[in-house]
Amino acid sequence: MTTSPFGRVVTAMVTPMTPDGAVDAQGVAAVVEHLIATGHDGVVVNGTTGESPTLSSAESIAMVETVKRAAGDRLAVTAGVGSNNTAHAIEMAAAATRAGADALLVVSPYYNKPTQAGLLAHTRAIADAAKLPILLYDIPGRTATPFAVETLIALADHDRILGVKDAKGDLWAASEVMAATDLLWYSGADEHNLAHLAQGAHGIVSVVGHVAGRDYADMIAAVDAGDLATAREIHHRLIPVTNALMSTSQGAIMAKAALVELGVISHATVRLPYVEGPAEHLEIVRNGLAASGIGGAA
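About the thresholds
Residues numbered from 1 in each chain as written. Predicted model: local features only at pLDDT ≥ 70, side-chain atom pairs only at ≥ 80, totals over all residues. Heavy atoms only, no water. Helix = DSSP H or I, 4+ residues; strand = E, 2+ residues; numbered from the N terminus. Rg over C-alpha atoms; globule rule 2.2 N^0.38 Å. Buried < 20%, exposed > 50% of the residue type's maximum accessible area, 1.4 Å probe, protein only. Pairing = 2+ DSSP bridges. Axes fitted to C-alpha atoms, helices over the stretch in contact; angles between N-to-C directions. Contact = heavy atoms within 4.5 Å. Phe/Tyr/Trp six-rings, centres within 6.5 Å; stacked < 30°, edge-to-face > 60°. Lys NZ or Arg CZ within 6 Å of the ring centre and 35° of its normal. Right-handed = clockwise from strand over helix to strand, strands pointing away. Salt bridge = Lys/Arg side-chain N within 4 Å of Asp/Glu carboxyl O. Arc of directions from axis to C-beta. UniProt positions renumbered as here; feature names shortened; annotations may be inferred. 1 Å grid on protein atoms, 1.4 Å probe; cavity = no way out; pocket = protein on both sides within 12 Å on 5 of 7 lines; lining within 4 Å. Left-handed = near helix turned anticlockwise from the far one by under 90°. Nonpolar A, V, L, I, M, F, W, Y, C, P; charged D, E, K, R; others polar.

Peer 1: An account of the overall build of the chain is needed here, citing residue identities and associated values.
Peer 2: From N to C terminus, the chain includes 13 helices and eight strands. What you see for the chain is a C-alpha radius of gyration of 18 Å, in line with the 19 Å of a compact globule of 298 residues. Taken along the three principal axes of its C-alpha coordinates, the chain extends 45 × 45 × 35 Å. Evaluated residue by residue, the chain yields a buried proportion of 54% over its 298 residues.

Here's what the structure looks like:
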């Protein structure tokens, strides 16, 4: 397994489902094998792309068990346990740990919009109770509550808070935190992967990685080697598939559609309030895959 607690080439994994909407354990295992075969050393389960808002607590823990059973020590498995209820997040962290997770993903509380003092107390309470490394998830476009620079710097002092998945879109704020702390930084938005890596990010937590894992592994290796020309070429080549998956409707919907196109899973079923893409969206996915040079079953 990777020496990083979370991996470097990491995908926020979809939750495959059967046509009746049940979690598809066989499909889960197939996606895990596909990710391992395409250059990943880490995976996040029960994130937004995994449709965590519509999974029950029991289903979320079963996902951790299924992914860990399929991956063994070949991937670092980070389990999403965040909640806008601090006590529930602590309970989920303990359950995910028992289920075999290697690390935990903790998003800022959504909907109830705490102050930064509340966000600090919430996150520290989870970290105090947890036994695993924690990756913070900063995505105010979904939660309405960003992690301020000062809050992240304060949280970096906690011995279990080791990294940040940054989907805030503020490259300067990322620079400030990276300069002031030892937090492992992860790009949490595929459009910003190269920019974050070029300014010192440790890795990526991707959606497009479902279909472009090898490319992102090559991008990270190129940046490590100081070969920005190669990293830029990969970045530019992935524009069509990134637009297809991230700008057509919703990442979880389109990632499942792309995995069906590649023959990794059998069904693109999603749960309400998501609905599967129409035929014209599927054509965008096919064209995006082809234009970026991606195709063929895993």
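What follows continues from the structure just given.
Peer 1: Any details on the sheet that holds strand S4 (residues 103–107)? Residues and values, ideally.
Peer 2: Strand order in the closed barrel formed by eight strands is S1-S2-S3-S4-S5-S6-S7-S8, and the pairing between neighbours is parallel. Put simply, the sheet's adjacent strands are angled 25° from each other on average, direction ignored. Both strand S3 (residues 76–80) and S4 contribute to a ladder of three bridges, which runs parallel. Residue pairing in the sheet places Thr-78 in a bridge with Ala-103 of S4. Running at roughly 155° to strand S5 (residues 134–138), helix H4 (residues 116–129) makes contact with S4, S5 and strand S6 (161–166) of the sheet.

Peer 1: For the packing of aromatic side chains, give the residues involved together with the corresponding values.
Peer 2: Within this structure, the stated rule accounts for one aromatic pair. Directly above the aromatic system of Tyr-137 lies the positively charged group of Lys-165, at a separation of 3.9 Å from the ring centroid.

Peer 1: I'd like a rundown of the pairing of S5, residues and numbers included.
Peer 2: With five of five residues buried, S5 lies mostly within the body of the structure. Every second residue of S5 is oriented toward a common face, with Ile-134, Leu-136 and Asp-138 on one face and Leu-135 and Tyr-137 on the other, all of them buried. Where S4 meets S5, four bridges bridge the pair, whose relative direction is parallel. Residue pairing in the sheet places Leu-105 in a bridge with Leu-135 of S5. With H4 bridging S4 and its parallel neighbour S5, the resulting β-α-β unit is right-handed.

Peer 1: Explain the pattern of salt bridges residue by residue, including any values.
Peer 2: Under the counting rule described, the total for this entry stands at 12 salt bridges. With its nearest N and O atoms 2.7 Å apart, the salt bridge here joins Glu-59 to Arg-271. Remark: Arg-271 occurs in the loop between helix H12 (251–261) and helix H13 (279–291) and Glu-59 occurs in helix H2 (residues 57–71); sequence separation between them is 212 residues. Shared partners join several salt bridges into a network, and the residues in it are Lys-68, Asp-73 and Asp-102.

Peer 1: Help me get a handle on helix H11 (residues 239–246), residues and values and all.
Peer 2: Restricting attention to buried positions, one finds in H11 the residues Val-241, Thr-242, Ala-244 and Leu-245. All buried residues of H11 project into a common sector of 165° when viewed along the axis, lining one side. Residues of H11 that are buried in the fold lie against helix H9 (209–224), H12 and H13.

Peer 1: Run through the UniProt feature "active site" (unreviewed entry) in the chain, naming residues and quoting values.
Peer 2: As annotated in UniProt, the feature "active site" (unreviewed entry) corresponds to Tyr-137 and Lys-165 in the numbering used here. With the annotated positions falling across 29 residues, the maximum pairwise C-alpha distance of 4.8 Å places them together in a single cluster. Of the annotated residues named above, the ones that line the largest pocket are Tyr-137. Relative to the elements of secondary structure, Tyr-137 occurs in strand S5. With relative accessibility at 6%, the residue Tyr-137 sits in the buried group. Here Lys-165 lies in strand S6. Residue classification places Lys-165 among the buried residues on the basis of a relative accessible area of 5%. Other than its neighbours up to four places away in sequence, Lys-165 contacts Ala-12, Leu-105, Leu-135, Leu-136, Tyr-137, Asp-138, Tyr-186, Gly-188 and Val-205.

Peer 1: Would you mind going over the packing of H12 against H13 in detail, with residue names and values included?
Peer 2: It is at 10 Å that the axes of H12 and H13 come closest, and there the two elements cross at 65°. The chirality of how H12 crosses H13 is right-handed. Here H12 contributes Met-254, Ala-257, Ala-258 and Glu-261 to the contact with H13, which in turn contributes His-281, Leu-282, Val-285, Arg-286 and Leu-289. Within the contact of H12 with H13, the residues separate by chemical class into six nonpolar, one polar and two charged.

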